[in-house]
Amino acid sequence: MKYYLIAGEASGDLHASHLMMELKRQDPEAEFRFFGGDLMTAVGGTRVKHYRDLAYMGFIPVLLHLRTILRNMRFCKQDITEWQPDVVILVDYPGFNLKIADYVHRLSHSPLTTHHSPKVFYYIAPKIWAWKEHRIKNIKRDVDELFSILPFEVEFFEQKHHYPIHYVGNPTAMEVREFLSIDHSPLNIDHSELTTHPTIALLAGSRKQEIKENLPAMIDATRHLADQYDIVLAGAPSIDPTYYEQFLTGSKVRLVVNETYPLLAQATAALVTSGTATLETCMFRVPQVVCYRTPMPRLFGFLRRFLLKVKYVSLVNLIAHREVVTELVANTFSTERIRQELEAILPDGSKRQQMLNDYEEVHQLLGESDAPSKAASIMIQLLKQQ
């Protein structure tokens, strides 16, 4: 069968690559064409666009790159029409992907369509439970099958909105388990810079805007610990390493690129920008402080209660339904608060052991499911039935 996948960022590239491997294993005739990254490329098939050409976040960056975004969208629609896949698999990235789902739906219902139209499967459900809940109408109309990776989404989609979904388990939990089961070499840092100090990891986001907002405060908050700890920044695969130089000049922070998992495997504590990284850090059992600075923090802090439908921004707290990790967001974000909360989760800190205990509950809630294998099996079965 022919599979067309669209992943718009680094985490989507990772999850989609594992899904592709399972589809390939279970369907030896699988053909892939995709928007994605290096990990998907390594599995095989034809990459038509790299996710670096898609990853714009925030109102101003999107506005500045609107022509590029629209051009990519037109190209994607035309490419799907010409390649005629059996299924379009959308991976997270809802701003772009839901528009593609709408296009494929209209294509399949057009009287001018002369060939079989692809199914639309959504792998890693859009987080409409956090905001833009109105998108459920589009999902019900345009998405044939929705694959969820978070346990609380079952109640949201099936009970609240009466839309049946497939909960397949969490791929991040599986990916971390898989990583920890294999012996890995140390971080790729110049040996002249290595010390015997423990490590504090900085995970400042995967987009330039996130890094610009969060990294300076993270560096300042750890500056007083630089003689006791190695402060190491995880460079995002979508960001040119030279972009970080402006922030790291004058600090003792070291940069590693494409080594987030090796970094977390040896970290004592972490400062993490909200996103998949918060769950990854939990899976590695590394105590963390979630840091997410926003423009106009006081205004955002006020509006947050009206814009967001959930109490927390980190996946760890959302899965646990309570505060496991401290979230410093918008008006609660400051260098001093980050410093205080970080010291509380270092060895002998007042919050460290409780956080580690609470992590075990999150591990249990996510379970041991092999999400890519389960999702691939369901997808192939559904496509064979049509």
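Within any chain, residue numbers begin from 1 and follow the written order of that chain's sequence. Totals for whole chains, interfaces and linings use every residue, but because this is a predicted model, local features are given only for residues with pLDDT of at least 70 and side-chain atom pairs only at 80 or more, for both listing and counting. By convention in this description, side-chain values take in all heavy atoms of the structure and omit both hydrogens and water.

Even after reading the chapter, I still don't get the side chain of Arg352, so can you show me in this structure?
Counting from the N terminus, the helices are DSSP H or I runs at least four residues long and the strands are E runs at least two residues long. With respect to the element layout, Arg352 can be found in helix H16 (residues 352-366). The buried charged residue Arg352 lacks any salt bridge partner; its closest oppositely charged side chain belongs to Asp348, at an N-O distance of 7.9 Å. Contact criterion: two residues are considered in contact whenever any of their non-hydrogen atoms come within 4.5 Å of each other. When near neighbours in sequence (up to four residues on either side) are disregarded, Arg352 contacts Thr268, Pro287, Ala344, Ile345, Leu346 and Pro347. Buried residues are those whose accessible area, probed at 1.4 Å on protein chains only, stays under 20% of the maximum for their type, while exposed residues exceed 50% and partly exposed ones sit between those limits. His is not counted, nor are the chain ends, whereas Lys and Arg count as positive and Asp and Glu as negative. Salt bridges are identified by distance alone: a Lys or Arg side-chain nitrogen within 4 Å of an Asp or Glu carboxyl oxygen.

Help me understand the packing of aromatic side chains, please; the structure alone is not making it clear to me.
Remark: the centre distance and the inter-plane angle together describe each pair of aromatic rings, the angle taken between the planes. Between the rings of Phe, Tyr and Trp (Trp by its six-membered ring), a pair exists once the centres lie within 6.5 Å; its type follows the angle of the planes, with under 30 degrees stacked, over 60 edge-to-face, and the other angles tilted. Per the stated rule, a full pass over the model turns up 15 aromatic pairs. Summarising the aromatic geometry, the rings of Tyr3 and Phe32 are spaced 5.6 Å apart at their centres and angled 40 degrees between planes, so their arrangement reads as tilted. Linking Tyr3 in strand E1 (residues 2-7) with Phe32 in strand E2 (residues 31-36), this pair joins segments that are 29 residues apart in sequence. We classify Phe32 as buried; its relative accessible area is 6%. Pairing Phe179 with Phe284 gives two aromatic rings, centres 5.8 Å apart and planes at 70 degrees, and the pair type is edge-to-face. Within this pair, whereas Phe179 is found in helix H8 (residues 171-180), its partner Phe284 is found in the loop between helix H12 (276-283) and strand E12 (288-292), the two being separated by 105 residues in sequence. For the pair shown, Phe179 and Phe284 are each scored as buried.

Help me out: how do you make sense of the packing of helix H1 (residues 10-26) against helix H17 (residues 371-385) in this one?
A packed helix pair is summarised by two numbers, namely the angle formed by the two axes and the spacing between the axes. Axes, fitted as lines to C-alpha atoms, cover a helix only where it is in contact. Angles between the N-to-C directions of the axes lie from 0 to 180 degrees. Put simply, H1 and H17 touch, their axes get as near as 8 Å, and they point 50 degrees apart. When the axes of H1 and H17 are compared, the pair comes out oblique. For the crossing formed where H1 meets H17, the hand is right-handed. Together, His18, Leu19, Glu22, Leu23, Arg25 and Gln26 of H1 and Pro372, Ser373, Ala375, Ala376, Ser377, Met379 and Ile380 of H17 make up the contact between the two elements. Note on residue classes: Ala, Val, Leu, Ile, Met, Phe, Trp, Tyr, Cys and Pro are nonpolar, Asp, Glu, Lys and Arg are charged, and everything else, Gly too, is polar. Looking at the contact of H1 with H17 residue by residue, the class counts come to seven nonpolar, four polar and two charged. Angles are sorted into four bins: roughly parallel if under 35 degrees, roughly antiparallel if over 145, roughly perpendicular if 65 to 115, and oblique for all others. Whether a crossing is left-handed or right-handed is set by the direction in which the near helix is turned from the far one by less than a right angle, anticlockwise for left-handed and clockwise for right-handed.

Just to check I follow, could you spell out H17 for this structure?
One full turn of an α-helix is made of 3.6 residues, so residues set three or four places apart face in the same direction. Helix span, as expected, comes to 1.5 Å for every residue beyond the first. Relative to the 21 Å expected for 15 residues at 1.5 Å per residue, H17 spans 21 Å between its end C-alpha atoms, a close match to the ideal helical length. Inspection of H17 places Ala371, Pro372, Ser373, Ala375, Ala376, Ile378, Met379, Ile380 and Leu383 among the buried residues, and these make up the whole buried set.

Help me understand the side chain of Thr199, please; the structure alone is not making it clear to me.
When you line up the elements, Thr199 lands in strand E8 (residues 199-203). Overall, Thr199 belongs to the buried group, its relative accessible area being 3%. When near neighbours in sequence (up to four residues on either side) are disregarded, Thr199 contacts Tyr229, Asp230, Val232, Leu263, Gln266, Ala267, Thr268 and Ala269.

Even after reading the chapter, I still don't get the pattern of salt bridges, so can you show me in this structure?
A pair can form between side chains of opposite charge whenever their charged atoms are brought close. Scanning the entire structure with this criterion turns up 21 salt bridges. The shortest N-O distance in the salt bridge between Asp102 and Arg106 comes to 3.1 Å. Within this pair, Asp102 and its partner Arg106 are both found in helix H5 (residues 94-108), separated by four residues, close to a single helical turn. In this structure, the salt-bridge partner of Lys252 is Asp227, at a minimum N-O distance of 2.8 Å. Here Lys252, found in the loop between helix H10 (245-248) and strand E10 (254-257), pairs with Asp227, found in the loop between helix H9 (208-222) and strand E9 (230-235); they are 25 residues apart in sequence, far enough to count as distant. What emerges from the salt-bridge pattern is a single network uniting Asp102, Arg106, Arg141 and Asp142.

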